[in-house]
Amino acid sequence: MTAIKHALQRDIFTPNDERLLSIVNVCKAGKKKKNCFLCATVTTERPVQVKVVKVKKSDKGDFYKRQIAWTLRDLAVVDAKDAIKENPEFDLHFEKIYKWVASSTAEKNAFISCIWKLNQRYLRKKIDFVNVSSQLLEESVPSGENQSVTGGDEEAVDEYQELNAREEQDIEIMMEGCEYAISNAEAFAERLSRELQVLDGANIQSIMASEKQVNILMKLLDEALKEVDQIELKLSSYEEMLQSVKEQMDQISESNHLIHLSNTNNVKLLSEIEFLVNHLDLAKGHIKALQEGDLASSRGIEACTNAADALLQCMNVALRPGHDMLLAVKQQQQRFSDLREHFARRLASHLNNVFVQQGHDQSSTLAQHSVELTLPNHHPFHRDLLRYAKLMEWLKSTDYGKYEGLTKNYMDYLSRLYEREIKDFFEVAKIKMTGTTKESKKFGLHGSSGKLTGSTSSLNKLSVQSSGNRRSQSSSLLDMGNMSASDLDVADRTKFDKIFEQVLSELEPLCLAEQDFISKFFKLQQHQSIPGTMTEAEDLDGGTSSRQHNSGTPLPVSSEKDMIRQMMIKIFRCIEPELNNLIALGDKIDSFNSLYMLVKMSHHVWTAQNVDPASFLSTTLGNVLVTVKRNFDKCISNQIRQMEEVKISKKSKVGILPFVAEFEEFAGLAESIFKNAERRGDLDKAYTKLIRGVFVNVEKVANESQKTPRDVVMMENFHHIFATLSRLKISCLEAEKKEAKQKYTDHLQSYVIYSLGQPLEKLNHFFEGVEARVAQGIREEEVSYQLAFNKQELRKVIKEYPGKEVKKGLDNLYKKVDKHLCEEENLLQVVWHSMQDEFIRQYKHFEGLIARCYPGSGVTMEFTIQDILDYCSSIAQSH
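- With an unreviewed UniProt entry as reference, the chain is termed Exocyst complex component 1, source organism Camelus ferus.
- Comment text from UniProt for the chain, heading Subunit (unreviewed entry), reads "The exocyst complex is composed of EXOC1, EXOC2, EXOC3, EXOC4, EXOC5, EXOC6, EXOC7 and EXOC8. Interacts with EEF1A1. Interacts with SLC6A9; interaction increases the transporter capacity of SLC6A9 probably by promoting its insertion into the cell membrane."

This is the structure we're talking about:
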């Protein structure tokens, strides 16, 4: 028990400045045995407080914890159950009765005795000790009534005292004089006992020797005892007088404690009141601004904004526990709610009126833009509305329902306004593209504003008309050979390019400015990196119906980004169809316009995606770019189809085929348009398709040609293709350029050989026979001995081809070639020079055979190589 007592003193009471005087191990009566300790303690500071503390062992470890404490002043009755028999049970009456069972009667008696002593020492109050042995209480008081109870208590506390330094030194000296003190304790004890007896005897002899001194000492002691008795009587009287003073001091101490507690509570209450007043008080100026503030002037807007922020701060104050139960707080919160509702309605109504007024004001400016290819500037309207941006943020955080209503109203008003502006803008663009009103009617436009008829049949009719124009052009090219492949010149196409670029340049800043305004005004985050973007326009109402939000619940960040995109789709819902209509019109005016549109649209899509790949402008232009790319592919397919459908005249020479000329025009135009363009890959793919179609259909037409030889058609057209590719230097068609050159060379050689034929026919047949004999094994020098191939036969054949006949044959050949070839390609001299070389080659071949087979015969041709050169030159000059 002593060890436990020391452990409790060290771990529990010393940290609390308390001293443990008595301890008893108990458990509650009538229940399962759960042991605990009741401890009697006093504080070390004055005024001294006496407590009974219940200490319990922790369930989680071997340490003890303080469970509950009662002050001794609150103890009314101590019931020991039985004053005669030993009984471990006892009751303590505090605010209720606690029944205990001690581990032993001795511990119980010691604890009750300590309680009685503490009551006598510090309290002197009426505590009833019931069923407690009077002997137990008397033992607690020594014969002197006024003896202090502290001695016993302190002995109880100080059961163990350490040796001081002198005592330790004496014991060490004693043990050094007896070497076996440690090894034989009994012998050491006997020795100490003998020495003690010797000392006692010496003391007695000394006392007996000084009997006189003893008598004097006894007399002095008696006098001292009398003095002590007198002092004790005085002390008793002083103690009685001080007892009342002590009680008064205790009362004063308790009163001071209560006053201190009251002051502490007052300070805390004042702090709470100051907190509520400072945080839940809205200035009268703010209240007036919220109720009556001018929302039209800049000063009024600023005052309302400050008031709204102050109101929001008051409503968002984090109240401490219990504040919401106060009536004044409830009333103030209700007042704030009413102010918020009133101001939110007033703000929403005012902004709706501003939206409506903007629609009327902006409509009045449409007339001045109707003749110019420009869109009205919305910057002044945005600038005026941005003054309300902070109030919109306040409305979004306090009343999301009204914020959402304002958003829908803004989209409704602005979508109608932008629809009028954009449609008028596109009608002006269509009129400028088609030129005069008379030309506009040709392309399906009518009226002063030039609106499209929108009829599917008219569009189809227009498409047929365009195809018919192309076919008529092809037919004309067969007849005339030098007409352009398009009705529009370069200036018209440049004009279209500028108009289309201006349309895109006007739309881009308009959309970006509106998106930036929506983000700032409605406090929505617009910059994000979301995988995947919307590529199809979605209806806003349908897009948001599946995600309902409670009033006052703001959207998450990703939903805010979607909301910006969907607001832009709703506001500019007419842009994509109007762009598609404009693209369709440009394609029907001239299918080559798709090249301009593809380059311009690709550049603007690339620019928009660099700014924000998920923005409305980027996705809308991306959708329109798909349409432009389809039209471009359709243009390529139409050209290939026209190649396949081309018909040649049976009465006139073919010359350069129309689709070959159209390819040259297309390639030249495309190279000028696609210079440094982002979509070069699309053009390269189109080149590959077109050149294959050109190659295939040139051969097809050449095979079908009746008036012009096949080799001439192939030679002229592939020469034209090679020249075109060499001039334009198209890197992706290098292989086709080499192929065209090869085809041109092959068919030139074939035509020369075919046209030249056998100008010296009989001589040619003669030498073929000579070569046949040599092939049969006859030696060349022996061929002249053959009857059919002797020298006389050779001379006879040679005489049939004098120089005059040779020149006449060559002149007829020149005229024949001139009829076959077209003037625009200018290949006559090239072909004639090739024929001259071929004729000379045949001449040299014949001379070689004569020299080898008829050596020394002196037989030669009637004309020389120089004669052939002179004949060819003379014929070429004469024509």
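Back to the write-up after that little detour.
1. A look at the nonpolar core
Thinking step 1. Core analysis: the biggest nonpolar cluster contains 174 residues, and Tyr410, Phe666, Leu763 and Val831 have the highest contact counts within it.
Thinking step 2. Of all the elements, helix α14 (residues 400–434) adds the most residues to this core, at 14 residues.
Thinking step 3. Dropping the residues within four chain positions of it, valine 831 is found in contact with Met715, Leu748, Tyr751, Val752, Val817 and Leu821.
Thinking step 4. The next biggest cluster of nonpolar side chains, apart from the first, holds 33 residues, and it includes Cys36, Leu38, Leu75 and Tyr98.

2. Let's talk about the packing of aromatic side chains
Thinking step 1. Tallied over the full model, the rule gives 30 aromatic pairs.
Thinking step 2. With 6.2 Å between their ring centres and 65 degrees between their planes, phenylalanine 94 and tyrosine 98 make a pair best called edge-to-face. You'll find phenylalanine 94 and tyrosine 98 in the same group, each marked buried.
Thinking step 3. Ring plane angle 10 degrees and centroid distance 6.4 Å describe the contact between phenylalanine 839 and phenylalanine 863, whose orientation is recorded as stacked. Here phenylalanine 839 is found in helix α30 (residues 828–853), whereas its partner phenylalanine 863 is found in the loop between α30 and α31 (865–878), with 24 residues between them in sequence.
Thinking step 4. Under the relative-accessibility criterion, phenylalanine 839 is labelled buried at 3%.

3. A short note on the side chain of histidine 382
Thinking step 1. Take histidine 382: it is sitting in helix α12 (residues 379–385).
Thinking step 2. The exposure class assigned to histidine 382 is buried, which follows from its relative accessible area of 7%.
Thinking step 3. For histidine 382, the residues in contact, after removing those within four places along its chain, are Tyr410, Tyr418, Ala513, Glu514 and Phe517.

4. Overview of the environment of leucine 585
Thinking step 1. Following the sequence through the fold, leucine 585 ends up in helix α20 (residues 575–589).
Thinking step 2. In this structure the C-alpha to C-alpha distance between leucine 585 and lysine 430, which are 155 residues apart in sequence, comes to 7.7 Å.

5. Some points on the pattern of salt bridges
Oppositely charged side chains can pair when the atoms bearing their charge come close.
Thinking step 1. The final tally for this structure, using the stated rule, is 34 salt bridges.
Thinking step 2. Between glutamate 341 and arginine 340 there is a salt bridge, with its nearest N and O atoms 3.7 Å apart.
Thinking step 3. Residue glutamate 341 is classed as partly exposed on the basis of its relative accessible area of 29%.
Thinking step 4. A relative accessible area of 21% means that arginine 340 is categorised as partly exposed.
Thinking step 5. If you follow the salt bridges from partner to partner, you end up with Arg340, Glu341, Asp399 and Lys402 in one network.

6. Section: unusual backbone geometry
It is generally the case that most residues other than glycine have a negative phi and that most peptide bonds are trans.
Thinking step 1. Phi angles above zero are rare outside glycine, and asparagine 131 is one such case at about 60 degrees.
Thinking step 2. With respect to the helices and strands, asparagine 131 occurs in the loop between β8 (128–130) and α3 (134–139).
Thinking step 3. Here lysine 729, not a glycine, exhibits a phi torsion of approximately 55 degrees, which is positive.
Thinking step 4. Mapped onto the elements of the fold, lysine 729 is located in the loop between α25 (710–728) and α26 (734–756).
Thinking step 5. Taking the relative accessible area as the measure of exposure, lysine 729 reaches 67% and is therefore exposed.

7. With respect to the confidence of the model for the chain
Thinking step 1. Mean pLDDT over the chain: 79, with 84% of residues reaching 70 or higher.
Thinking step 2. Counting interchain partners and residues more than four positions distant, the pLDDT-below-50 stretch residues 436–488 has 73 contacts.
Thinking step 3. The model gives residues 527–555 a pLDDT under 50, and that stretch makes 40 contacts with residues more than four places away or in other chains.

Conventions and cut-offs
- Residues numbered from 1 in each chain as written.
- Predicted model: local features only at pLDDT ≥ 70, side-chain atom pairs only at ≥ 80, totals over all residues.
- Heavy atoms only, no water.
- UniProt positions renumbered as here; feature names shortened; annotations may be inferred.
- Core = buried A, V, L, I, M, F, W, Y, C linked by side-chain atoms within 4.5 Å.
- Buried < 20%, exposed > 50% of the residue type's maximum accessible area, 1.4 Å probe, protein only.
- Helix = DSSP H or I, 4+ residues; strand = E, 2+ residues; numbered from the N terminus.
- Contact = heavy atoms within 4.5 Å.
- Phe/Tyr/Trp six-rings, centres within 6.5 Å; stacked < 30°, edge-to-face > 60°.
- Salt bridge = Lys/Arg side-chain N within 4 Å of Asp/Glu carboxyl O.
- pLDDT = per-residue confidence, 0-100.

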